[in-house]
Structures are given as C-alpha cells and as structure tokens.
Amino acid sequence: MSVNTQVKIKLPDGSERTLDQGKTGADLAKEISEGLFRKAVGLSINGELSDLYTPLTDGMEVKILTADDPQSIELLRHSTAHVMAQAVQKLFPQAKIAIGPTIENGFYYDFEIKDHSLSTEDLANIEAEMKKIAEAKQRLVRYNIQDVDKQLNEFESQGEKFKAELLREHRDHNPTLYLMQDKDGNTIWNDLCRGPHLPSTGLIKAFKLLKVSGSYWRGDEHKEQLQRIYATAFWTKKDLEDYLHKLEEAEKRDHRKLAKQLDLFSTHEEVGPGLIFWHPNLATVRDCIENYWRSEHRRRGYQFVYTPHIASEHLYEISGHLENYKENMYSPMDIDGQAYRAKPMNCPGHIMIYKSKLRSYRDLPIRMAELGTVYRYERSGVLHGMLRVRGFTQDDSHIFCTPEQLEGEISGILDLIDALMTTFGYKYKAYLATKPAQAMGTDEEWEMATGALERAMQKRGMDYEVDEGGGAFYAPKIDVKLFDAIGREWQGPTVQVDLNLPERFDVNYVGEDGNKHHTVMVHRAVLGSMERFCGGLIEHYAGAFPLWLAPTQVAVIPISDRHQEHARKTAKALTDLDMRVHLDERSETINYRIREAQMQQTPYMVVIGDKEVEGDAVAVRHRRQGDLGSMKLVDFVEKMKAEVEKKEYV
RNA sequence: GCCCAUGUAGCACAGUGGUAGUGCACCCCCUUGGUAAGGGGGAGGUCACGAGUUCAAAUCUCGUCAUGGGCUCCA
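The written sequence of each chain sets the order in which its residues are numbered from 1. Going through the entries in the order they are written, you letter the chains from A and number the ligands from 1. In keeping with the predicted nature of the model, local features appear solely for residues at pLDDT of at least 70, side-chain atom pairs appear and are counted solely at 80 or more, and the whole-chain, interface and lining totals rest on all residues. In computing side-chain properties, one takes all heavy atoms of the structure into account and sets aside hydrogens as well as water.

1. A word on the overall build of chain A
Quick reminder of the rule: Labels follow the DSSP assignment, with helices taken as runs of H or I lasting at least four residues and strands as runs of E lasting at least two, numbered in each case from the N terminus. Each residue gets one of three labels from its accessible area relative to the maximum for its type: buried under 20%, exposed over 50%, partly exposed in between, using a 1.4 Å probe on protein chains only. We call two residues in contact when some of their heavy atoms are within 4.5 Å. Exposure was quantified through the Shrake-Rupley algorithm and a 1.4 Å probe, taking into account, for residues, occlusion by the shown protein chains and nothing else. Neither His nor the chain termini are counted; the positive set is Lys and Arg, and the negative set is Asp and Glu. For this purpose, a charge sits on NZ of Lys, CZ of Arg, CG of Asp or CD of Glu.
Across its full length, chain A carries 20 helices and 33 strands. A principal-axis box enclosing the C-alpha atoms of chain A has dimensions of 90 × 75 × 55 Å. Within chain A, buried positions represent 49% of all 650 residues. Taking all contacts inside chain A whose residues are at least 6 apart in sequence as the whole, residues at least 24 apart take part in 66%. With the model as given, the accessible surface of chain A reaches about 32,200 Å², and the carbon-plus-sulfur share is 48%. Across chain A, the mean location of the 85 positive side-chain charges is 3 Å away from that of the 102 negative side-chain charges.

2. What to know about the environment of Arg455
Spelled out, the test is: For this analysis, a polar contact is any N or O atom pair within 3.5 Å, provided that within protein one partner can donate a hydrogen and the other can accept it, and provided that sequence-adjacent residues contribute only side-chain to side-chain pairs.
Relative to the elements of secondary structure, Arg455 occurs in helix α14 (residues 443-459). Accessibility expressed as a relative area gives 37% for Arg455, which makes it partly exposed. The sequence separation of Arg455 and Gly408 amounts to 47 residues, and the corresponding C-alpha distance is 9.6 Å. Among the polar contacts listed, one links the side chain of Arg455 to the side chain of Glu407, at a separation of 2.9 Å.

3. Quick word on the side chain of His350
Inspection of the secondary structure puts His350 in helix α12 (residues 347-354). When near neighbours in sequence (up to four residues on either side) are disregarded, His350 contacts Val305, Thr307, Met368, Glu370, Asp396, His398 and Phe400.

4. Some thoughts on the protein's contact with RNA strand B
Selection rule: Put simply, a residue is near a molecule or strand once any heavy atom of it comes within 4 Å of that molecule or strand.
Near RNA strand B, the surroundings consist of 56 residues, among which Ser213, Gln225, Arg388, Gln491 and Ile559 are the closest. Sugar and phosphate atoms represent 49% of those atoms of RNA strand B found within 4 Å of the protein. For RNA strand B, a sugar or linking oxygen lies 2.3 Å from a polar atom in the side chain of Gln225. With respect to RNA strand B, the side chain of Glu378 contributes an N or O atom lying 2.5 Å from a base nitrogen. When contributions to the surface near RNA strand B are tallied by element, the ones reaching two or more residues are β12 (206-216), β13 (225-234), α8 (255-262), β21 (391-401), β28 (520-529), α18 (590-599), α19 (610-615) and β32 (617-622).

5. Section: the pairing of strand β2 (residues 16-20)
Condition: Paired strands are those between which DSSP finds at least two bridges.
As paired elements, strand β1 (residues 6-10) and β2 share five bridges and run antiparallel to each other. Residue pairing across strands places Lys8 opposite Thr18, the latter belonging to β2.

6. Some details on the packing of aromatic side chains
Convention followed: Working definition: rings of Phe, Tyr and Trp (its six-membered ring) pair if their centres are within 6.5 Å, and the pair is stacked with planes under 30 degrees apart, edge-to-face with planes over 60 apart, and tilted otherwise. The rule is short: NZ of Lys or CZ of Arg within 6 Å of the ring centre and within 35 degrees of the ring normal puts a charge over the ring.
Within the structure shown, the criterion is met by 15 aromatic pairs. Residues Tyr541 and Phe545 carry aromatic rings whose centres are separated by 6.1 Å and whose planes lie at 70° to one another, so their mutual orientation is edge-to-face. A residue is classified by how much of its surface remains accessible, and Tyr541, at 4% relative accessible area, is buried. Judged by relative accessible area, Phe545 falls into the buried class, the value being 2%. Three or more aromatic residues link up through ring pairs in this structure, and these residues are Tyr292, Phe424, Tyr426, Phe533 and Trp548. Over the aromatic face of Trp278 sits the side chain of Arg286, whose NZ or CZ is 4.5 Å from the ring centroid. In this structure, Arg359 is placed above the aromatic ring of Tyr354, and the distance from its NZ or CZ to the ring centre is 5.1 Å.

7. Thoughts on the domain arrangement of chain A
Test applied: By convention here, the domain bounds are inherited from an automatic or database domain assignment.
Under the domain assignment used here, chain A contains domain 1 (15-66), domain 2 (73-246), domain 3 (262-307 + 346-540) and domain 4 (554-646). Centre-to-centre, using C-alpha coordinates, domain 1 lies 50 Å away from domain 3.

8. A few points about the sheet that holds strand β25 (residues 489-498)
Strands in a sheet are paired, the pairing made by backbone hydrogen bonds, and the direction either parallel or antiparallel. We apply this condition: Angles here are taken between N-to-C directions and fall from 0 to 180 degrees, while the axes themselves are lines fitted to C-alpha atoms, restricted in helices to the stretch in contact.
Overall, mixed pairing links the eight strands, which are arranged β16-β20-β21-β28-β25-β24-β22-β23 in an open sheet. Both edges of this open sheet fall to β16 (303-304) and β23 (464-467), since each of them pairs with a single strand only. In this structure, β16 lies alongside strand β20 (residues 366-375), joined through two bridges in parallel fashion. Bridging from a neighbouring strand, Gln303 pairs with Met368 of β20. Contacts from α12 reach β20, β21 and β28 within the one sheet, and its direction differs from that of β21 by about 40°.

9. Description of the sheet that holds strand β17 (residues 310-312)
Spatial ordering of the open sheet is given by β17-β19-β18, a layout of three strands whose pairing is antiparallel. At either end of the open sheet lies a strand with only one pairing partner, and these are β17 and β18 (333-335). Neighbour-to-neighbour, the strand axes of this sheet turn through a mean angle of 40°, independent of strand direction. Sheet analysis places β17 next to strand β19 (residues 338-342), joined by three bridges and oriented antiparallel. Residue pairing in the sheet places Ile310 in a bridge with Ala342 of β19.

10. Concerning a positive patch on the surface
Using the following cut-off: Patch criteria: residues need more than 30% relative accessible area and no salt bridge. Like-charged residues are merged within 9 Å; nonpolar side chains of Val, Leu, Ile, Met, Phe, Trp and Tyr are merged within 5 Å. Whenever a carboxyl oxygen of Asp or Glu lies within 4 Å of a side-chain nitrogen of Lys or Arg, that contact is scored as a salt bridge.
Residues Lys131, Lys137, Lys205 and Lys237 make up a contiguous surface patch of positive charge. With respect to the helices, strands and loops of the structure, Lys237 is situated in helix α7 (residues 237-252). Its relative accessible area of 55% is what places Lys237 among the exposed residues.

11. Things to note about the environment of Arg532
Structurally, Arg532 can be placed in helix α16 (residues 530-540). Under the relative-accessibility criterion, Arg532 is labelled partly exposed at 27%. Considering only alpha carbons, one finds Arg532 and His384, 148 residues apart in sequence, at a separation of 9.9 Å. Among residues more than four places away in sequence, those in contact with Arg532 are Met386, Leu387, Arg388 and Gln491.

12. Focus on the side chain of His321
When you line up the elements, His321 lands in helix α11 (residues 321-324). What makes His321 buried here is its relative accessible area of 9%. Only 2.8 Å separates the side chain of His321 from the side chain of Ser319, close enough to count as a polar contact. Apart from residues lying up to four places away in sequence, His321 is in contact with Tyr316, Lys326, Met329, Met345, Cys347 and Pro348.

13. Description of the nonpolar core
Quick reminder of the rule: Nonpolar core, defined: a set of buried Ala, Val, Leu, Ile, Met, Phe, Trp, Tyr and Cys residues in which side-chain atoms within 4.5 Å join the residues together.
Ile410, Phe424, Ile478, Leu527 and Leu549 are the most contacted members of the largest nonpolar core, which has 64 residues in total. Of the residues forming this core, the biggest block, eight residues, is contributed by helix α13 (residues 406-423). In contact with Leu549, other than residues within four places in its own chain, are Val285, Cys288, Ile289, Phe424, Leu537, Tyr541 and Arg580.

14. Quick notes on the pattern of salt bridges
In this structure the tally under the stated criterion is 45 salt bridges. In this structure, Arg294 engages Glu290 in a salt bridge whose closest nitrogen and oxygen atoms are separated by 3.6 Å. Separated by four residues within a single helix, Arg294 and Glu290 lie in helix α9 (residues 280-298), roughly one turn from each other. Looking at Glu290, the relative accessible area reads 11%, which means it is buried. When the shortest N-O distance is used, the salt bridge between Lys429 and Glu465 registers 2.7 Å. Linking Lys429 in strand β22 (residues 427-433) with Glu465 in strand β23, this pair joins segments that are 36 residues apart in sequence. With a relative accessible area of 22%, Lys429 lands in the partly exposed category.

If you want it as structure tokens, here you go:
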C-alpha cells in the first residue's frame, strides 16, 4: 500500500493547505493561527459537524468551528449532556443511562434510577457536580470500538442494558465510545455515542437544568419507564440568562395565566377536565373572529351549514372512524336501543348534506363550511389549558369538486389562509406531506392529489418544504406552521385531499358524459379549533387584543361627579355606534382607574373633565401611545372606526 | 394512561402537629382627584375531597379528584 505522506485540505475561503498525513483539525487550526486554535471547538468537514481532533484526509473541505459558528452550539449541548450523565451516575451509582440527544434550545438525558425519583431538589446537586466536571477540564476522546462483543460484555456487566441494546443494533456501523479523561489521561467515564463532541469539558461554562419528567425507553409506554432531565447550555452566561429571560417572558404570556387576569375562560372540576367555559370577554373576541371568518368565507363562495352533535354509530361505521379513530371517540350512548356517538369529526355530516340529492358537475365546486363542535377523547395527561381539550369547535370546511377543479380550489384555500393569517399577524411556513408507506389508494390518485397541492403552492410562489411520507394514510396534505410575536411555532392551517371518504360514502356527481364519478373531497381548517386558536392568540398578543377584537374597546372615565352626565352620554353614543364601552364612574382617582384600564389592556381610555364637557370632546389615551390629547367625539369615533376596519394592531 | 410536582379567601402567596395569616381585588365611609395604586374601616376560608394515625391534622399516612411539567398522540 502506497502511503501519501501529505494530504490536501480545502478551506472555506477556497484556499488549499497541505498537511502531513495523520494531522488533525486541531493541528490545522494551530497552523493557521494560535488564536484560532485556542478558540476552536470543532470542525465542519464537508459540511458535517465533526470533532476538532478528527484526522484529516486528502480532499476534505474543512472549516474550523468556534463558538461564533451557529452550528457549534450543538457540540456544546451534546457534550454537556454527557457531563450531566456522568454527574448523575456519580450521585446515583445505580443509575443506568439511556440516551441524551440535543433538542431545540437544549438537550435531555434519560435515566433509569431504581429506588430514587428525581425531583427538582436533585437538580441543584447535579448541577454542582457538573460544574466540577467542567472545571476539571476533562478531555472527550473518540474511541472506535474494535471488539464489539467485549464492549457488550462490559456494558452488560455494568448493567447498562440500554447501551448494550444500542450497541447491538449499531455493531455494523463503526460504533464509537467517547471517553472522558482527566488531565493524566485516565478514563473516568465513557458513553456509547456517535458524537461529535467538544475537545474538553473546560469549554462548558453556562448551563442550567430545567426540569425533570418521565419518559419511556424508546418512547414506548410498554417499555421501561425512565426519568428524563431537560437542560440547556450556552457558550456564555449572558446567552443563558437571555434565554432564561425569554422563557420568563413566554410564561407571562401563558394563556392560562392571562385568562385569570383578564377574565377570559375557566374550567371546572365539577364539569370535567378539558371542557372550556368561555367568559364574556373571550366570547366577545371569539364572536369578532367568527364574524370576520364568516365574511371571508362568504365572499369566497362558501356556504354555511350546521350538523348534529351526536349520530348513530352506523354513520361512523361507514366513515371508518369506528375502525381507525375509535380510541379518540367517546363510548356509545343508548338511544331507543340504538348506539349513538358524540361526533369526533364534521366530515361525515357534511357528506350527508352533499348526498341529500343528486349532484351534477354543474353544481361543483360546493364549499361547505361549519364552525362544528366535536368531542374527542384525549388522555388526561395531555390536556393543556385551551390548547388541548376534549370538546372544541373546528372551523371546518369540505370542498366537493371535480379532479379538474382541484388545483384551483387548493389555490383559493391558500389565498384564504394567507388572508386570515396575515390579519392576525402570524408569519407562516408550509409543508407538503406526501404518501406514507402505509397508504390506501392508487399511485395515480396520490399523484393527482399531491400534484394539485404542489402546483397550487408553486403557482402562488409559496415557500414550502416537502415532508416525504408525512401524509395521512388516506390523504396528502399541506400543513402550515405559524410563528407568533415572539417567534414560537404553532400548529396552523391544514389542507387534505381525501382519497378515502368519497369511496366509503360513494360521494359522486354526474359528469358531462352522463356517468357517475367520484367527487374529489378536500378537508381544510384554517384556524384549527376556536379553542386552540384563541388560546394561541392570547399568547401571541400577550392579552392585548387589537382594537377590532378587544373585549372592551374604550373605558370612559369622568374626572368627578359633575362630569358623570356627560360621561354617560358619551358612553351611550359610543355604544350606539357599536363600540364596546366600559363606563368607570367609581369614586376612585383618575390614576387608579387609568391603571386598571391599562392592566386590562383596554386599547383606549377617554377622560372627561370640564374642558371636554364644554367642547363635546374626549381626552384620549391609548394603552401604548399614552395621552393623545383632547379631540372631538366624532373625530375619535372616526379614528376608532378606521382602526377597526383595518384590523390594525397598534 | 404513565412518571414527578402541586392544591390554603376571587387572585398572588406565607404558615410543617396545638383550633387560620399578608397583599391585591370586593363592600362601606371620607376624599372630587387631569392620565399606571389617595386615606380609613369591614366582610370573606369546614386549608381540593374522603379515610386513617394522634389527646390534637392545613401540617403525618393512604386513596380520589383537579392542576402543572413531561412521555405518546393530535385540532
């Protein structure tokens, strides 16, 4: 075997360097500059994250990564996960380690710890132990497992059954261990891991353990119950603090918290979990949204329908829900000896309306919309405020059309989605989910449906990603993710072309040729559920609804008793103009009443004193812009109306 | 459903074995105040529910329910 004694490396700036064979990324960094070497935390080799000490081979494109490269945070977090695992095993020698991947904004590690339940108190101790490991500047050394069976024996004798299981699976994939060594080169701890990692734990300076939770080995509830610690790490203390601060800010927006402060909704033990009571304030918001929703649909040719909340089981036998969706449906109730069910979905009902008469191709498309309330069983542990509930109202529509019309219909839906999401101030991103491995229908049908979805997006110039194989077994779909005011992701609109129900219900139309054809059916929800959407909106707006949605739009505040009469007249005038007004004539100071209106996020406050009585004016204060000075009542009304009309968020 | 934590007045919290406390909100009185808390007084809780231990339980134990953080799934 001929040995090249030199290797050629390409650097990001396009230049090349020649190194001796066997040199590592660290050597390269050193050669470029001592400063770079000191800052180096890892490599990107041909675009892939790698250890700093990876031996370089001929032709590699190598980038030396420092903490400034965004990808390198992954190295930090993954390495910190190992530090955490080491610390946990030090404190709880009986702990067995499972997996510890990085996740968005942090990492976790799963453990099985017999006869100890981790609690938040343990976290401080683990953190302290981690700090010691970081300060000890342990080296993380990659080690190729030569003798898999020997290593398996070792894991098994240590009782590390999870690691053994993983190694057995990866025995043919060049499995590696990472050895964590002290400064004398003694291995203190090791973990089966693909890496890559930081060269040393000394680079770990800012981390925080966040919470403990339960999990299952491989996410399977029939397998071992594990204990998981969630944590995060950043390069600097400041970044960590900023992140923790962001979490706090998010907590302040929590819709459950704001619900109490702003009197929005409640749930009741007497009623049952996951069932929402909409208080007048939030009911007002919802009403405004629904009116807007209706008008946007009406102008796009939708027709509104209402369907029953319970139906004979027979309906769900035909639809296949009893077969495929049973675990989410409530038990049957007996009505005159017949089994009935609470409806989990609106589609079968809409199909009933469609099928109530013979449809011609001339009737199509039919766009049927309903704010349809459905009931679904959700396991008790997943319920969450308004975001995950057991009874909710979907803004559900079904479009019945011919294959030729499909693309145009999809395009119309995308237009509607864009209009609504833009109004609420959400940025969004679309994903096209294609045929999964387990699917019904023919390739041609999938091609027809998926193609229509994709072409509609392309023609609109939409940015989208393809989620290969992510479709439902009966439908390709477009899923839209929303990004709220603080950049958090929410599940948004969804569009599905159903290849299943038209067949099951024999949904058809008479074509130009006089023959019956299966109708193409599209399911779509834009807001999703009113519960989830409004819950999300509360957080998006941090409780400060834009004027067009605000439960109270104006607080009218007379300065003293002698201004009451004029204040009442003003309040009535505004109410007559369909404004939502709160007249606050309590004998409290102006400051006090302003403060309260501010804290209730009331968009406008109008103060009425001598000057205003005299000039038939109002002194206007905006919740964000402060005192806007005195203006004629008619001018104020115009200002409000314009703002409502534009649905602005000021 | 599973793991962990929590449950005290409308809200936010203190109280760890000896018959329940603070702030805000609420009600009353004084104050009539020009843009984020004027002053005084009052009322309000079978300490989530049920059982047990104890002379004595908000406090310890067990069970139930609900809530929260996750696991899994989804609108």
